Amino acid sequence: MVDRPADRARVVRDRLLLYTVATAVTAVVLAPLAAPGYVLLYDMVFVPRQPLTWDLVAPVQDLPRAVPLDAVVSVLTQLVPGWVVQRIALGGAVLLAAVGAGRLVPTERPGVRLLAAVGYAWTPYLAERLLIGQWGLLVGYAALPWLVRAVLELRSGRAGAVARVLLAAAPAAITPTGGLIAFGVVSLLAPQRGRWRGSTVAVAGVALLNAPWVTAALVTDAGGSSDPAGVAAFAARGENWAGPLAALAGTGGIWSAQATPASRALPLVPLVTLVLLALAGFGFGLLRRRIPRDASARLLVLAGGGFLLAALGAVPGTADVLRWAVAQLPGAGLLRDGQKFLAPYALLLVVCVALGAERVAARMERRNREVAGVVLVGVLLLPVAAMPDLAFGGVGRLWPVSYPADWRVVAARLAADPGGEVLALPLSGYRAYPWNSGRIVLDPAPRYLPAVVLIDDTLRVGDVAVTGENTRLREIRQVLGAGRPVAETGVRWVLVQQHRADQVDPVTLAGLEVVHQGTYLVLYRNPAVPPSPVVVSPARWAVAVALVVAIVVVVAAFLRRYAGGLLRGNLRSEVQTLEDWHA
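Being a predicted model, the structure only gives us computed values, none of them experimental.

## Things to note about the sheet that holds strand E8 (residues 513-517)
Overall, mixed pairing links the five strands, which are arranged E4-E1-E7-E9-E8 in an open sheet. The sheet terminates laterally at strand E4 (452-454) and E8, the two strands that pair on one side only. When the angles between neighbouring strand axes are averaged without regard to direction, this sheet yields 25 degrees. The sheet contact formed by strand E7 (residues 493-497) and strand E9 (residues 521-525) spans five bridges and is antiparallel.

## Comments concerning the packing of aromatic side chains
Per the stated rule, a full pass over the model turns up 15 aromatic pairs. Between phenylalanine 392 and tryptophan 399, the aromatic rings sit 6.2 Å apart at their centres with planes inclined by 40 degrees, giving tilted as the arrangement. Classification of phenylalanine 392 as partly exposed rests on a relative accessible area of 41%. Ring centres 4.6 Å apart and planes at 15 degrees place the aromatic pair tyrosine 433 and tryptophan 435 in the stacked group. Take tyrosine 433: its relative accessible area is 2%, and that puts it in the buried class. Following the ring pairs from residue to residue traces out a cluster consisting of Tyr38, Tyr403, Trp407, Tyr433, Trp435 and Tyr448.

## Points about the side chain of threonine 508
The residue threonine 508 is located in the loop between E7 and E8 in this model. Ignoring anything within four residues of it in the chain, the contact list for threonine 508 reads Leu425, Leu480, Pro485 and Val486.

## What to know about the packing of helix H5 (residues 110-120) against helix H18 (residues 369-386)
Helix packing for two helices is described by the angle between their axes and how far apart those axes are. Interaxial distance between H5 and H18 falls to 9 Å at its minimum, and their mutual angle equals 5 degrees. As the angle between them shows, H5 and H18 are arranged roughly parallel. Where H5 abuts H18, its residues Val112, Leu114, Leu115, Val118 and Gly119 lie against Leu376, Val379, Leu380, Pro383 and Val384. Taken together, the residues of the contact of H5 with H18 break down into nine nonpolar, one polar and no charged.

## Side note on helix H9 (residues 176-189)
Helix length check: H9 (14 residues) gives 20 Å between terminal C-alpha atoms against 20 Å at 1.5 Å per residue, within 8%. Restricting attention to buried positions, one finds in H9 the residues Pro176, Thr177, Gly178, Gly179, Ile181, Ala182, Val185, Val186 and Leu189. The elements touched by buried residues of H9 are helix H7 (135-155), helix H8 (161-172), helix H10 (196-209), helix H11 (211-219), helix H15 (293-311) and helix H17 (343-365).

## Describing the pairing of strand E1 (residues 421-425)
Two faces make up the sheet, and in a regular strand the side chains alternate between them. Across the five residues that make up E1, a large majority, five, are buried. What you see with E1 is no split at all: Glu421, Leu423 and Leu425 on one side and Val422 and Ala424 on the other are buried throughout. Across four bridges, E1 lies against E7 in parallel orientation. Across the sheet, residue leucine 423 finds its bridge partner in E7, namely valine 494.

## Focus on the pattern of salt bridges
Applying the stated criterion to the full structure yields 23 salt bridges. Close ionic contact of arginine 264 with glutamate 239 constitutes a salt bridge, the shortest N to O distance being 2.7 Å. With arginine 264 in the loop between helix H13 (244-249) and helix H14 (269-290) and glutamate 239 in the loop between helix H12 (229-233) and H13, the pair connects residues that are 25 residues apart, well separated along the chain. Taking the shortest distance from any N to any O, the salt bridge between arginine 472 and glutamate 421 comes out at 2.8 Å. A residue pair is termed long-range when its members are at least 10 positions apart, and arginine 472 in helix H22 (residues 471-481) and glutamate 421 in strand E1 qualify at 51 residues. No difference in accessibility class separates arginine 472 from glutamate 421, as the two residues are buried. Connected through salt bridges with shared partners, the residues Arg149, Glu153, Arg158 and Arg164 form a single ionic network.

## Some remarks on the side chain of arginine 87
As for its position among the elements, arginine 87 is in helix H4 (residues 82-104). As a buried residue without a salt bridge, arginine 87 has its nearest oppositely charged side chain in aspartate 70, at a separation of 17 Å. A distance of 2.8 Å separates the side chain of arginine 87 from the backbone oxygen of leucine 33, its partner in a polar contact. Apart from the residues within four sequence positions on either side, arginine 87 is in contact with Leu33, Ala35, Pro36, Gly37, Gly92 and Pro400.

## Looking at the environment of leucine 152
When you line up the elements, leucine 152 lands in helix H7. Distance from leucine 152 to threonine 508, taken between C-alpha atoms, is 60 Å for residues 356 residues apart in sequence.

## Quick word on unusual backbone geometry
A cis amide bond links valine 67 to the next residue, proline 68, at an omega of 0 degrees. Within the secondary structure, proline 68 sits in the loop between helix H2 (54-57) and helix H3 (69-77). Cis geometry is found at the peptide bond from leucine 425 to proline 426, where omega equals -5 degrees. Relative to the helices and strands, proline 426 is located in the loop between E1 and strand E2 (430-432).

## Details of the packing of H15 against H17
Between H15 and H17, the shortest axis-to-axis distance is 7 Å and the interhelical angle comes to 130 degrees. Considered as vectors, H15 and H17 are oriented oblique to each other. The chirality of how H15 crosses H17 is left-handed. Contacts between H15 and H17 involve Leu299, Leu300, Leu302, Ala303 and Phe307 on the former and, on the latter, Pro344, Tyr345 and Leu348.

## Brief notes about the environment of proline 110
Tracing the backbone shows proline 110 in helix H5. With relative accessibility at 30%, the residue proline 110 sits in the partly exposed group. Counting along the chain gives 93 residues from proline 110 to leucine 17, while the straight-line C-alpha distance between them is 8.1 Å. Excluding residues that lie within four positions of it along the chain, proline 110 makes contacts with Asp14 and Leu17.

Each value, and the rule that gives it
- Residues numbered from 1 in each chain as written.
- Predicted model: local features only at pLDDT ≥ 70, side-chain atom pairs only at ≥ 80, totals over all residues.
- Heavy atoms only, no water.
- Pairing = 2+ DSSP bridges.
- Helix = DSSP H or I, 4+ residues; strand = E, 2+ residues; numbered from the N terminus.
- Axes fitted to C-alpha atoms, helices over the stretch in contact; angles between N-to-C directions.
- Phe/Tyr/Trp six-rings, centres within 6.5 Å; stacked < 30°, edge-to-face > 60°.
- Buried < 20%, exposed > 50% of the residue type's maximum accessible area, 1.4 Å probe, protein only.
- Contact = heavy atoms within 4.5 Å.
- Parallel < 35°, antiparallel > 145°, perpendicular 65-115°, else oblique.
- Nonpolar A, V, L, I, M, F, W, Y, C, P; charged D, E, K, R; others polar.
- Expected span 1.5 Å × (residues − 1).
- Salt bridge = Lys/Arg side-chain N within 4 Å of Asp/Glu carboxyl O.
- Lys, Arg positive; Asp, Glu negative; His and termini not counted.
- Polar contact = N/O pair within 3.5 Å; in protein donor to acceptor, adjacent residues only side chain to side chain.
- Left-handed = near helix turned anticlockwise from the far one by under 90°.

This is the structure:
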């Protein structure tokens, strides 16, 4: 009979060690966030209090790239300041990614769990998506090992597993890409002969979690097609002499060179990737023996599918097909930046590398136990040694700053006189503010100001201009391109951002009244346009209903998972979870 107190003590000790190492990794990666302020870098935009507006909750002029992410942030910042939300989101993503990977590995050896934890929290995928500011995607990346673990528990028939699956999938579904990955994981991994009821409920529940952005995509005025020029612009790129496929094999290859750690260009990086792939191949056999074989095969299919999606734009033949699909098929634009879908591959790679290192160490232990320990430590530190510039926020790239007072003043002006659109000039979706040390960031105006803010949705990648889908902005660009004043566009407010004021033609501002003249921002009002309330169309109500449905799914799963136990005062033993892995 199992010594239950001894098992509990071992579980607590191992779990404490895992969380301690995960916390240390999180602190090393996000050290600059100990300073006050907001990290503003590429797509990462947090503001003190993001308004809860229809344009953020249910956009009807743009594709729903931030649905329901913006709605979640808007609600949270009504309760706590944005800088707190940012630190919880980033810290939670890195910490839970590490802990989730460590707990997913089917092993009794704490060192192997630590190896997986450090490896998953120090991948090029995490580094590159962090440095391009896509924190919502990283929340899904962190949820992935927890989701896989919950689905494996569902397959084993564990009570309450469906609720665990839905709770693990919910964080991933705050972005369309994360939601699709979660749906793919559950749809492929959960079905099992003789246990269709649980898997069906899980798949349907995850589908409902994706309902907000799917509904928004169906009702948007932006249309479903995208600019095919984005296929080449967002294709996976080589980071060193080995090319894009080798970069993807190492979980890197993001399209932006600026978001790539400099160490990824080192000539030895492909050799490190080869070592990791060899270990992963050695460890996959161990994975097949420790979890059901069909589950390991399906995980391999998931990883392979993610890799293929990531490589689509980088391979000549498939790139042509993808360009056609993006231009002709609604929603195919989501595949342009295919490297985002590499997350399942990254997870399986890390788990198999950890198990491969365990097999190597086990063989060495027969001859020399100390050497075996050195091997485990060496593999654990290999990702850090190969990419040391992830530390300290990508060596200083994630440095917090404070918004100038102009932003607060302009927000107050607009709140006191609501109604009408705000056009941000010069036309650009991204800014390089001097008060942000020149770091490029998505224009914060739509999330800072309590109004409908129009920013240019054309994205320039090198010499390539990828046209956006917003028809309203297309009309405005035509007016300004013809040299006519912005007053003719029908916008009520114009916000000129002074870091590039020299690029705004004075003719453009003809007929406008200055409302606020600040160091960084100048706010103009168009006297010819009266205030107009936001029209809540049936399309927006449809998105709101989908959001409510997703919330109901999460609340129901939470109550199913925790309410009964809390009411009974009964805390489940974690020892059973440990035993399930080795049954």
